[in-house]
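Chain and residue survey
Read off the chains here:
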Amino acid sequence: MNRRASISVSLNSWRHGEWSLVEDDVAGEEPLEIRIGPMSVAVVMRTPGDDLNLVRGFLITEGIVSRPEDIAS
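Our subject in this report is the structure included herewith. Here the structure is a predicted model, which means the values were calculated and not measured.

The next thing to look at is the overall build of the chain. Helix and strand counts for the chain come out as 1 helix and 4 strands. Taking contacts inside the chain between residues at least 6 apart in sequence as the whole, the part at least 24 apart equals 10%. Put simply, the chain shows about 5900 Å² of open surface, and 52% of that area lies on carbon and sulfur atoms. The average position of the 7 basic charges and that of the 12 acidic charges among the side chains of the chain differ by 5 Å.

Have a look at this one:
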């Protein structure tokens, strides 16, 4: 699944004493559920893009696995 790390939004901007409608890019954020088999381990909010490394780091720092090689998929 290919997701963008940022999304474009319309917003009101106050500049030079008047309002105007402008487009701006903001970081996109979405939930990611981490599962081990049928068990849900966590739901984390993240900017989409490098999910596998995020999950590997999460599992290691939480002590769920000892090494990246312990993760099959």
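For helix 1 (residues 51–61), every residue scored as buried is listed here: Val55, Phe58 and Leu59. The buried side chains of helix 1 occupy one side of the element, clustering within an arc of 95 degrees when seen end-on. Each element contacted by the buried residues of helix 1 is listed here: strand 3 (30–36) and strand 4 (39–46). Of the residues one or two after helix 1, glycine 63 is the one with positive phi, at around 75 degrees.

Judged by side-chain polarity, Ile36, Met39 and Ile64 come together as a nonpolar surface patch covering roughly 260 Å² of accessible area. Tracing the chain through its elements places methionine 39 in strand 4.

About the criteria used
Residues numbered from 1 in each chain as written. Predicted model: local features only at pLDDT ≥ 70, side-chain atom pairs only at ≥ 80, totals over all residues. Heavy atoms only, no water. Helix = DSSP H or I, 4+ residues; strand = E, 2+ residues; numbered from the N terminus. Contact = heavy atoms within 4.5 Å. Areas by Shrake-Rupley, 256 points an atom, 1.4 Å probe, with all protein chains shown as cover. Lys, Arg positive; Asp, Glu negative; His and termini not counted. Charge placed at Lys NZ, Arg CZ, Asp CG, Glu CD. Buried < 20%, exposed > 50% of the residue type's maximum accessible area, 1.4 Å probe, protein only. Arc of directions from axis to C-beta. Patch = residues over 30% accessible without salt bridge, like charges linked within 9 Å, V, L, I, M, F, W, Y side chains within 5 Å. Salt bridge = Lys/Arg side-chain N within 4 Å of Asp/Glu carboxyl O.

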